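This is what each chain is made of:
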Amino acid sequence: MRLMLLLAIGILSGCAVGERINTAVTGHTVQCVDGIEYVQFPSGASVAYTPDGKVKTCRN
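A brief structural summary.

Moving on, we get to the pairing of strand β2 (residues 36–41). Bridge count between strand β1 (residues 29–33) and β2: five bridges; the pairing is antiparallel. For C32, the partnering residue across the bridge sits in β2 and is E37. Between β1 and β2, which pair antiparallel and follow one another directly, the connecting turn spans two residues, one of which, D34, has a positive phi of 50°. Direction of pairing for β2 relative to strand β3 (residues 44–47): antiparallel, over a ladder of four bridges. Within the sheet, the bridge partner assigned to Y38 lies in β3 and is V47. Hairpin connection of β2 to β3: two residues between the antiparallel strands.

Set out below in structure tokens:
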């Protein structure tokens, strides 16, 4: 039983299901990809912008 649970957790975490659940609960998540910050919504994603309209950067 424990082996099946660990296998299921490993598969689900590999598919980023946890991020999708977090997005559904909080409304959005923030991801850093290649130095650019993205905001992930349940229906899609967008680049994050600073208040002055520039693309928001981040560190991986």
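On we go from here.
Attention now moves to the side chain of E37. Along the chain, E37 turns up in strand β2. Given the relative accessible area of 14%, E37 is considered buried.

Attention shifts here to the sheet that holds β1. Across the sheet, which stays open at both edges, the three strands sit in the order β1-β2-β3 with antiparallel pairing between neighbours. Here the strands that pair on one side only, and so sit at the sheet edges, are β1 and β3. Averaged over all pairs of adjacent strands, the angle between their axes in this sheet comes to 30°, without regard to strand direction.

Conventions used here
Residues numbered from 1 in each chain as written. Predicted model: local features only at pLDDT ≥ 70, side-chain atom pairs only at ≥ 80, totals over all residues. Heavy atoms only, no water. Pairing = 2+ DSSP bridges. Helix = DSSP H or I, 4+ residues; strand = E, 2+ residues; numbered from the N terminus. Buried < 20%, exposed > 50% of the residue type's maximum accessible area, 1.4 Å probe, protein only. Axes fitted to C-alpha atoms, helices over the stretch in contact; angles between N-to-C directions.

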